[in-house]
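Inside the fold
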Amino acid sequence: MSVLEVRDLAVELMTTAGVIRAVDGISFSIDAGQTVTIIGESGSGKSTTAMGLLRLLPDDLAVISGHAVLDGVDVVTEPKKFAKLRGRSVALIPQDAMTALSPVHTIGRQLGEAIPRKGGASTADLNRRSVELLEQVRIPEPAVQLKKYPHQLSGGMLQRVLIAMALAVDPVLLVADEPTSALDVTVQAGILDLLMELQERTHVAILMITHDLGVARLVSDRIHVMKDGKFVESGEVEQIVEHPQTEYTKKLLAAVPKLGHWDGEPHHDALEAGPPSPYATDQQATVRQATSSQATTSPVTLNGAHP
Amino acid sequence: MLTYVSKRLGQSLLTIFLTVSTVFVLIRMAPGDPAYALAGPLASTGDLEKIRISMGLNEPLLTQYGIFLKDLGAGNIGKSYSFQAPALEVVMSRLPNTIFLAVLAILLAIVVAIPLGVWMAKRADTKRELGVNVLTIAGQSMPDFWIGIMLLTLFAVVFPIFPSSGFTSWSGVVLPVTTVAILQIALVSRMVRREVGTNMAAPYLTVARARGTGEQKLTWAYAMRNSSIPILTTLGTRFAGMLNGVVVVEVVFNWPGLGSLVVRALETRDYPLIQATVLVTSVLAVGVQLLIDLCYPLLDPRVRLGKVSVA
Amino acid sequence: MSTVNEIPLAAESMKRPTAVTKRLLRRSSAARRERSAKVKIVLGAFLTAVVVLPIILAQVLPLPDVDAQAITSRFLPPFSPGHLFGTDQLGRDILSRVLHGGQVSLTIGVLAVVISGLVGVVLGALAGFFGGWVDAVVSRLIEAQLSLPLLMMLLLVVALFGPSIPVITFVIAIAQWPEPARLTRSLVLVEREKPYVQAAKVLGLPQITTLVKHVIPNVINQVIVVVLLLLATAVLMESALSFLGAGPQRPFATWGRIISDGQDFITTSWWIVTLPGAVIAILVVGVNLLADGLRDRVRRRKGAAS
């Protein structure tokens, strides 16, 4: 059974400039343990989709219609009931870790708040659980970090803290809204690795929002390419990357930075060695696109845009 | 942290120094003989000569300035001729009444303005909020002495609930405090509305909401807590302006503070008294602002832990 | 993103009607903000006009002479025949006094604002454009002045130099220069970084020419809104000074003077104080509402543009 089932979802934003249909009838679903990625440029409606599904857009700004069922609750028609799911069965990993935490509260205070309090849990229990969570996201000296304020940690560390917060509740769905785009490339890889490892262990479903095909390529089971509020192309990772059907997707693929010849080494050597990192996958993606565009002459048809 | 404190201290000292120098320049620039101005209309020729010598009026200007500063340092601002007592003593004896009025008014303002401002932020631009918003604009723009006179007419003359003047009983405190507080409530609540509004839309608040934090906690523990930092700073800078208002309102209610003193000093051209009032209120305002700024690191860990410098 | 009216004519999107109802739209934050700004602008403009127009037309309107005293018609309440606002302790028509007094008060205000605006814009622009020690000096001065209870200092000046109209105008101007200065400085700081300033530098244009001919004209519009707001503050300050006994001396019946003269008769003739005060309040509230509404609108336009 799907953790999240979205059918014909639309989000309309009422702005001064008029009503804008930021999300225009998209459908997809995510199963437990699966990662589904929505990829698109900024302004394509991908983040609006994520925020709309979490009902984090103000009611006096956004009108949501269509169907979306998360963990048995209708997101569109039962906003009150859904609000209780936030921080229970669904959690968010936000875009910019540097601004995602209150600057005047300690890490421990904010993490502690995310931890569900079962009857009779003492401060010591809470503390122990906090330390445990930070250990899970591989933060060194967790007990020390708890007493620190957000400005004392690096962006990568903060993103780990935010992931720990998301994990605190044992969610069935993680919504990761560009979780690495504000981070250094080297840090990005670590965060993505961590997410994948956690998914393997907890079997959480992930909705990944990104503009970076390298990221999408690395983590996704399925990819939906979004443009102007619609999915222009959907499919398995290999299909999208190797046989893009639309000009838009091809452009996205072309936008991935090309690396490889800078050190004079044949780039496939670099591909085969080392752990997966966005760099490597970027390369892979690029290389594959290059090879496939040379080798393939007949376009491969995708089986429908919607699963 | 240490640089922050020393910077603040430096700014305060500079402000006081500028005030003192301005007063010196003004008195020397004024038409007529400063000795005559400072001695008052009833002074004898002998008195005038004494003042001339003590002020060093026959010396070069720089020496005069030195003497002026030295006198100030010794707390000697001259003698008030309408009170026949040292001007500084007269001012200091009235100061507690002014501070009392200001403190009560600011407390009342904070108690009312914070919940009001939070309410305005959360109901922004609804019909009711628009009504309250217009009222706060009115509250911050009406002349404070006129508000005082209106309250006085209404609650002391038409409906004699409160005494019209003086400091005789606690009920006499109600109208002056309310008058001063009205302007402050309007200013502070609008500030709270703006700050809380901004913080309610901040990314960290959305993230906190996403992890299931309740609306009350989001509003007070997060948005209001983060807003308290800029609000406190602004309150510090506004204290000087508030002191102006207090002085004017004191006159309306015959409050025995600096206001009525200053009016009397103006009527009698009692320059040493006005000079003392200028200096004492300046030191008070600068001191309060310094105090508030020194509390700032307690509220903001970024300053306390020395990562960000506050402009 | 496509707006609803320009949805591409694909068959799929044609099928889907908008879920945004008129009611939702009316209650949207964008519409509510627009309404708030509109209400404030209209109300503010109305209140301002109600006070300013009669003052401008005071000479033309059929009003009793300002200084015409009449022992027989002292303390007439409002709506007495021929005296809409009633008369004062000397039998003078209060409406006439308020309107003519308003001319003096507004003239003082306008002059003071022009001076403080000029001083503020020049110093703020120099500080923002050149930075360094110029900026340090101007900024410290602004900070110092803002942290002082300036009213006492102004009273000292008036006491020393006499309560003439030039002195009072000057005093108000001095009290107000930090606001436009602070604003101009921050606007110029932003403007300075723009490419055209760099281009002018490369072309070898003298810096001061760039500042005067290009930078200041680009920021002046935003400063003017604030300067207008200062006019209201200037009127308030004049009335407060007059109330404390440091206003222009008779025969100039400024607003503050009328109020402070009438204060002795509060218990018997409330209108002598109440009505002139109400006129000041209406003007200042009107200007503030107008400015607030305009500011909201400008801010929103900018937000929509970015």
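Residues numbered from 1 in each chain as written. Chains lettered and ligands numbered in written order. Predicted model: local features only at pLDDT ≥ 70, side-chain atom pairs only at ≥ 80, totals over all residues. Heavy atoms only, no water.

1. A look at the pairing of strand 3 (residues 35-39) of chain A
All names here are of chain A. What counts here: Burial here depends on accessible area, computed with a 1.4 Å probe over protein chains only, as a share of the maximum for the residue type. Under 20% is buried, over 50% is exposed, and the range in between is partly exposed. For helices the rule is a DSSP run of H or I covering at least 4 residues; for strands it is a run of E covering at least 2, with both sets numbered from the N terminus onward. Here, any two strands with at least 2 DSSP bridges between them count as paired.
In terms of residue burial, strand 3 counts as a mostly covered element, since 5 of its 5 residues are buried. Taking every second residue as pointing to the same face, both faces of strand 3 are buried, with Thr35, Thr37 and Ile39 on one and Val36 and Ile38 on the other. Sheet topology places strand 3 next to strand 8 (residues 205-210); 5 bridges connect them, and they run parallel. Its bridge partner being in strand 8, Ile39 is matched across the sheet by Thr210. Pairing between strand 3 and strand 9 (residues 222-227): 4 bridges, direction parallel.

2. Quick word on the packing of aromatic side chains
Operational definition: Only centres within 6.5 Å qualify two rings of Phe, Tyr or Trp (six-membered ring in Trp) as a pair; their planes then separate them into stacked at under 30 degrees, edge-to-face at over 60, and tilted for everything else.
Scanning the entire structure with this criterion turns up 10 aromatic pairs over all chains. When the ring of Phe28 of chain A is compared with that of Phe231 of chain A, the centres are 6.0 Å apart and the planes differ by 50°; the resulting orientation is tilted. Of this pair, Phe28 of chain A sits in strand 2 (residues 18-31) while Phe231 of chain A sits in strand 10 (residues 230-236); the two residues are 203 residues apart in sequence, bridging distant segments of the chain. On the basis of relative accessibility, which here comes to 2%, the residue Phe28 of chain A falls in the buried class. When its relative accessible area of 8% is taken as the criterion, Phe231 of chain A is described as buried. Their ring planes at 90° and their centres at 5.8 Å tell us that Trp270 of chain C and Trp271 of chain C sit as a pair that is edge-to-face. The exposure class assigned to Trp270 of chain C is partly exposed, which follows from its relative accessible area of 41%. Among the aromatic residues, those joined into a cluster by ring pairs are Phe24, Tyr65 and Phe68 of chain B.

3. Observations regarding the domain arrangement of chain A
Residues and elements named next belong to chain A. Here is the rule: Each domain's extent was defined by an automatic or database domain assignment. Should any heavy atoms of two residues lie within 4.5 Å, those residues are counted as being in contact. Buried area adds together the accessible area that both of two parts lose upon being put together, with accessible area traced by a 1.4 Å probe. Each salt bridge in this description consists of a side-chain nitrogen of Lys or Arg and a carboxyl oxygen of Asp or Glu lying within 4 Å of one another. For the purposes of these results, a polar contact is taken to be a pair of N or O atoms within 3.5 Å, where, inside protein, one atom must be able to donate a hydrogen and its partner to accept one; residues adjacent in sequence count only when each atom of the pair is a side-chain atom.
Parsing chain A into structural domains produces domain 1 (1-89 + 169-247 + 275-307) and domain 2 (102-164). Contacts between the two partners involve 11 residues from domain 1 and, on the opposite side, 10 residues from domain 2. Taken together, both faces of the contact between domain 1 and domain 2 bury some 900 Å²; the carbon and sulfur share is 62%. The largest contributions to the domain 1 side of the interface with domain 2 come from Val169, Ile191 and Leu194, which together make up 45% of the buried area. There are 1 salt bridge connecting domain 1 and domain 2. Of the charged contacts in the structure, one is a salt bridge between Glu197 and Arg138, with a shortest N-O distance of 2.0 Å. The interface formed by domain 1 and domain 2 holds 3 residue pairs in polar contact (both at pLDDT 80 or more) in total.

4. Here we look at the interface of chain C and chain B
As a reminder of what qualifies: Each residue receives one of three labels: charged for Asp, Glu, Lys and Arg, nonpolar for Ala, Val, Leu, Ile, Met, Phe, Trp, Tyr, Cys and Pro, and polar for the others, Gly being one of them.
On the chain B side, the residues contacting the 49 residues of chain C number 55 residues. Taken together, the two surfaces of chain C and chain B that pack against each other cover about 4,500 Å², and 76% of this comes from carbon and sulfur. Inspection of the chain C/chain B interface yields 1 salt bridge. The interface formed by chain C and chain B holds 10 residue pairs in polar contact (both at pLDDT 80 or more) in total. By residue number, the principal contributor to the side of chain C that touches chain B is helix 12 (residues 271-305) of chain C, which donates 11 residues. A per-class count over the side of chain C that touches chain B returns 33 nonpolar, 9 polar and 7 charged.

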